[in-house]
Amino acid sequence: MRFRHPDGSTVHLAYCTNVHPAETLDGVLAQLRDHCEPVRRRLGRDRLGIGLWLARDAARALVGDPSALRGLRCALEQRGLEVVTLNGFPYEGFGADEVKYRVYKPDWADPERLEYTTALARVLAGLLPDDVTEGSISTLPLAWRTAYDDRRAATARTALRTLAERLDALQDLTGRSVRVALEPEPGCVVETTRDALAPLTAVGHDRIGICVDTCHLATSFEDPHTALDDLTRAGVPVVKSQLSAALHAEQPHLPEVREALATFAEPRFLHQTRTVTAAGLRGTDDLDEALTGTALPDTAPWRAHFHVPLHADPVAPLTSTLPVLTSALARLVGGPHPLTHHLEVETYTWQALPPELRPKGRAALADGVAAELALARDLLTDLGLKELP
């Protein structure tokens with residue numbers, strides 16, 4: 001979906017396809033048919049943006065076979081879909097029964113992360129619509145925090161500089177600009193936007209910026225306006241933003257609240273949980289750890305890294321952090337000029353929701369994704385953006 005900002009520029013809104021992950025190129029093509037096109041039809045749109053997730057094998061197949069890349073581009077056009085952004089955070093196995101810590105491998109100290117991201121950039125340059133000259137890729141925020149020392153930090157910094165050089169060369173070759181965005185996430189080396197300032201300043205290249213995920217922002221109790229002001233002052237570009245909402249528990253000491261939270265503790269994804277104390281931010285790596293131990297004080301609200309549907313609050317007594325998303329979006333695109341032109345709804349946890357909240361079949365999932373996009377569309381038009389055909 002495209003929107004005209006009051007300054008005349010185009011803001012793109014997509015939804016991320018990691019909600020129905022596919023590991024192979026054939027799987028991606030089936031995904032377009034079975035999921036993405038039905039979402040477009042529900043919205044009554046002739047064109048819908050999708051943020052593709054391409055696993056390692058799919059990316060390699062596309063880079064190694066120009067005819068395959070042309071075939072994917074043709075399939076997108078035939079189904080009324082377009083791609084200006086990729087999710088390059090998960091490497092492979094995002095549809096596995098247990099993802100958890102595996103999603104952070106390989107990290108930016110591993111050469112394979114550089115090669116994978118380079119492949120994604122080459123693919124994206126070939127998929128961008130004819131009238132779009134800039135694409136974006138979100139990526140791992142360097143590494144999971146453990147076993148990350150100065151040597152690995154230096155290796156990662158060198159890899160990002162090499163990537164920036166490759167992206168420069170790609171633009172020289174294709175005329176298409178691709179930028180890559182570190183996506184701060186709780187528990188990682190770069191957990192918050194503030195954590196991103198030093199490593200991104202050290203890389204010192206505008207090809208490498210930040211992806212502001214509003215679920216992660218909220219989980220770490222960051223104020224959106226303060227965070228975005230800090231990035232602006234530091235000259236760190238907001239390459240893209242993922243529109244998502246976290247799980248919020250106002251009174252985690254109450255038995256009924258803990259019982260409700262327990263229904264969201266599941267074995268597939270990591271749900272980092274945070275609270276704010278007088279000493280600062282405290283947290284656990286997963287929700288069940290917060291619920292069963294004493295590591296997390298329960299005298300102040302908790303937030304869990306669980307991407308809940310944007311358009312529907314969890315069942316009381318829990319709520320979502322949609323107000324944080326709304327506040328961030330106003331700062332991102334509500335000013336005289338957008339801080340970013342790429343927005344991506346990213347609720348990948350539909351099938352990890354408590355059983356009674358999960359969509360029953362493809363049609364129900366398409367209904368839910370379409371409802372999220374409709375909400376995001378309304379938020380954008382309320383900010384003065386005009387939806388384009």
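Before reading further, recall that the structure is shown in the block above.
Residues numbered from 1 in each chain as written. Predicted model: local features only at pLDDT ≥ 70, side-chain atom pairs only at ≥ 80, totals over all residues. Heavy atoms only, no water.

1. With respect to the pairing of strand E10 (residues 273-277)
As judged from the five bridges shared by E10 and strand E11 (residues 280-284), these two strands associate in the antiparallel manner. Residue pairing in the sheet places Thr273 in a bridge with Thr284 of E11. Joining the antiparallel neighbours E10 and E11 is a turn of two residues. (Pairing = 2+ DSSP bridges. Helix = DSSP H or I, 4+ residues; strand = E, 2+ residues; numbered from the N terminus.)

2. Points about the nonpolar core
Judged by nonpolar contacts, the single largest core of 122 residues is most densely connected at Leu13, Tyr15, Leu52, Trp108 and Leu373. It is helix H12 (residues 362-382) that provides the largest number of residues to this core, a total of nine residues. Those residues in contact with Trp108 that lie beyond four places of it in its chain are Arg113, Leu114, Thr117, Thr139, Leu140, Leu142, Thr155, Ala156, Ala159, Leu160, Leu163 and Leu182. (Core = buried A, V, L, I, M, F, W, Y, C linked by side-chain atoms within 4.5 Å. Buried < 20%, exposed > 50% of the residue type's maximum accessible area, 1.4 Å probe, protein only. Contact = heavy atoms within 4.5 Å.)

3. Some words on the environment of Ala143
Structurally, the position occupied by Ala143 is in the loop between strand E5 (134-139) and helix H5 (150-174). On a C-alpha basis, the gap between Ala143 and Gly361 in space is 35 Å, while along the polypeptide they are 218 residues apart. Leaving out residues up to four positions away in the same chain, Ala143 has contacts with Asp107, Tyr148, Cys188 and Val189.

4. Here's the deal with the pattern of salt bridges
When their charged atoms lie close together, side chains carrying opposite charge are able to pair. Per the counting criterion, the structure on display carries 29 salt bridges. Put simply, Arg207 and Asp168 hold a salt bridge, and the shortest N to O gap is 2.7 Å. Here Asp168 lies in helix H5 and Arg207 lies in the loop between helix H6 (193-203) and strand E7 (208-213), a separation of 39 residues in the sequence. A relative accessible area of 27% means that Asp168 is categorised as partly exposed. One network of salt bridges, with partners in common, ties together Arg2, Arg47, Glu82 and Asp131. (Salt bridge = Lys/Arg side-chain N within 4 Å of Asp/Glu carboxyl O.)

5. Points about unusual backbone geometry
Most peptide bonds take the trans form, and the phi angle of most residues other than glycine is negative. Here Lys105 and Pro106 are connected by a cis peptide whose omega angle stands at -10°. A cis amide bond links Ala316 with the next residue in sequence, Pro317, at an omega value of 15°. Of note, Pro317 is situated in the loop between strand E12 (302-308) and strand E13 (319-320). Here Ala147, not a glycine, exhibits a phi torsion of approximately 60°, which is positive. Looking at the element boundaries, Ala147 is found in the loop between E5 and H5. According to the relative accessible area criterion, Ala147 is exposed, its value standing at 67%. A positive phi is found at Phe221, a non-glycine position, where the angle reads about 55°.

6. Thoughts on helix H9 (residues 255-262)
Of all the positions in H9, only Val257, Ala260 and Leu261 are classed as buried. Angular distribution of buried residues about the axis of H9 spans 100°; they occupy a single face of the element. Facing away from the buried side of H9, by more than 90 degrees, are the exposed residues Pro255 and Glu259. Check the buried side of H9 and you find it contacts strand E9 (245-249), helix H10 (287-292) and E12. (Arc of directions from axis to C-beta.)

7. Focus on the sheet that holds E10
Here we have five strands laid out as an open sheet, ordered E11-E10-E12-E9-E13, and antiparallel in their pairing. Strand pairing shows two members of the sheet lacking a second neighbour, E11 and E13, which therefore form its edges.

8. A look at helix H1 (residues 25-43)
Between the first and last C-alpha of H1 there are 26 Å, a value that for 19 residues agrees with the 27 Å anticipated at 1.5 Å per step. At Leu32, H1 shows its largest bend, some 40°. Buried residues of H1: Leu25, Val28, Gln31, Leu32, Asp34, His35, Cys36, Glu37, Pro38, Val39, Arg40 and Leu43, and no others. One or two residues past the end of H1 sits Gly44, with phi positive at roughly 65°. (Expected span 1.5 Å × (residues − 1). Bend = angle between axes of the 7 residues up to and from the residue.)

9. Focus: the packing of aromatic side chains
Centre distance and the angle of the planes are the two values used to describe a pair of aromatic rings. If you walk through the whole model with that rule in mind, you get nine aromatic pairs. Taking the centre distance of 5.2 Å and the plane angle of 40° together, the rings of Phe94 and Phe269 count as tilted. Of this pair, Phe94 sits in the loop between strand E4 (81-87) and helix H4 (111-127) while Phe269 sits in the loop between H9 and E10, placing them 175 residues apart in sequence. Across the pair, Phe269 and Phe94 agree in class, each one buried. Arranged with centres 5.3 Å apart and planes meeting at 85°, the rings of Tyr101 and Trp144 form a pair that is edge-to-face. With a gap of 43 residues between them, Tyr101 in the loop between E4 and H4 and Trp144 in the loop between E5 and H5 connect regions that are remote in the sequence. Relative accessible area serves as the criterion here: at 40%, Tyr101 is assigned to the partly exposed category. Looking at Trp144, the relative accessible area reads 9%, which means it is buried. Members of the aromatic cluster, connected to one another through ring pairs, are Trp53, Phe94, Phe269 and Tyr348. (Phe/Tyr/Trp six-rings, centres within 6.5 Å; stacked < 30°, edge-to-face > 60°.)

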